[in-house]
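# Observations on the three-dimensional arrangement
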Amino acid sequence: MRKRLIVGNWKMNMLRKEAYELARGIAELVGDVSYVDIVVAPPYTSLDVVYGVISNTNIGLCAQNVFWEEAGAFTGEISPYMLIDAGCKWVIVGHSERRAVLGETDEMVKRKVAASIKAGLIPILCVGETLEQRESGKTMEVVRGQLERGLDGVELFSSDSIVIAYEPVWAIGTGRSATPYEAEEVHLFIRNVLDRVFEGIGDKIRVLYGGSVTPENIEDILSPPNIDGVLVGGASLKAESFARIVRLAGRIG
Ligand code: 13P
């Protein structure tokens, strides 16, 4: 049985004081929840203030990016060990915004995934097609390629060592989420790819959906069997709406 996982990706938002307030609000509303796993991903500059608020709750800390080297002359980069040192247990890797805006490739994603797992962080590997790719019938081909290249040679300690997030690019920040049917079709496909790549444990790895998730659509989105949680952007920036998503996710399945 895969436990539901709800992740709030704050993206490049929140000064330290705002991050502190948001973390406080979330901790007060759902900090003792254990029926789902809860994770928040603030920007690097707020990791420490958020950790100070959530370290004694059930909420986990996640970074939004990582570099693959352990230490050295890599100006501006942050290693997996530094993230662990800052209190992180999780890290988002290969978000479509990084792929599109910063030119992150599957090769880079693979290195980040492998380095994170080696250090003991759990990477949340993001995959997903653009609208153009979907409309030209290439969704499965794109997702399979991102998974196969992003996971090439990666070794897991267990099925809990990694999480996959399916985030169709056309659904991110647009208010147009995938339908449960559209998402489930891809989630099932992802599970089959994982089962092949990791020889028989694809069924145990959590696969999240991301893209315009709100308290209003969370119940629908989580209704299919292969959607194990959500990666929430905009609706995670208010404690009340994120907490509502968490509570509603606990009522289903
Ligand atoms: P929105 O929920 O704002 O669409 O963002 C989704 C996302 O990119 C989460 O990583």
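Refer to the structure above for everything that follows.
Residues numbered from 1 in each chain as written. Predicted model: local features only at pLDDT ≥ 70, side-chain atom pairs only at ≥ 80, totals over all residues. Heavy atoms only, no water.

### Some remarks on the pattern of salt bridges
- In the structure shown here, the tally under the stated rule is 21 salt bridges.
- For Asp 152, the salt bridge is made with Lys 110, and the minimal N-O distance between the two is 4.0 Å. On the criterion of sequence distance, the pair formed by Asp 152 in the loop between helix H7 (139-150) and strand S6 (163-166) and Lys 110 in helix H5 (residues 106-119) is long-range, its members being 42 residues apart.
- Judged by its relative accessible area of 48%, Asp 152 falls in the partly exposed class.
- Overall, Lys 110 belongs to the buried group, its relative accessible area being 18%.
- Among the ionic contacts, a cluster of salt bridges with common partners joins Arg 2, Arg 191, Asp 203 and Asp 228. (Salt bridge = Lys/Arg side-chain N within 4 Å of Asp/Glu carboxyl O. Helix = DSSP H or I, 4+ residues; strand = E, 2+ residues; numbered from the N terminus. Buried < 20%, exposed > 50% of the residue type's maximum accessible area, 1.4 Å probe, protein only.)

### Structural notes on the environment of Ala 27
- Structurally, Ala 27 can be placed in helix H1 (residues 16-30).
- The spacing of Ala 27 and Asp 228 is 201 residues in sequence and 22 Å in space, taken between C-alpha atoms.

### Section: unusual backbone geometry
- Positive phi is not limited to glycine here, since Lys 11 has a value of about 50 degrees.
- Here Lys 11 is to be found in the loop between strand S1 (5-9) and H1.
- The backbone of Ser 212 shows a phi angle near 60 degrees, a positive value even though the residue is not glycine.
- Its location among the elements puts Ser 212 in the loop between strand S7 (206-210) and helix H9 (218-221).

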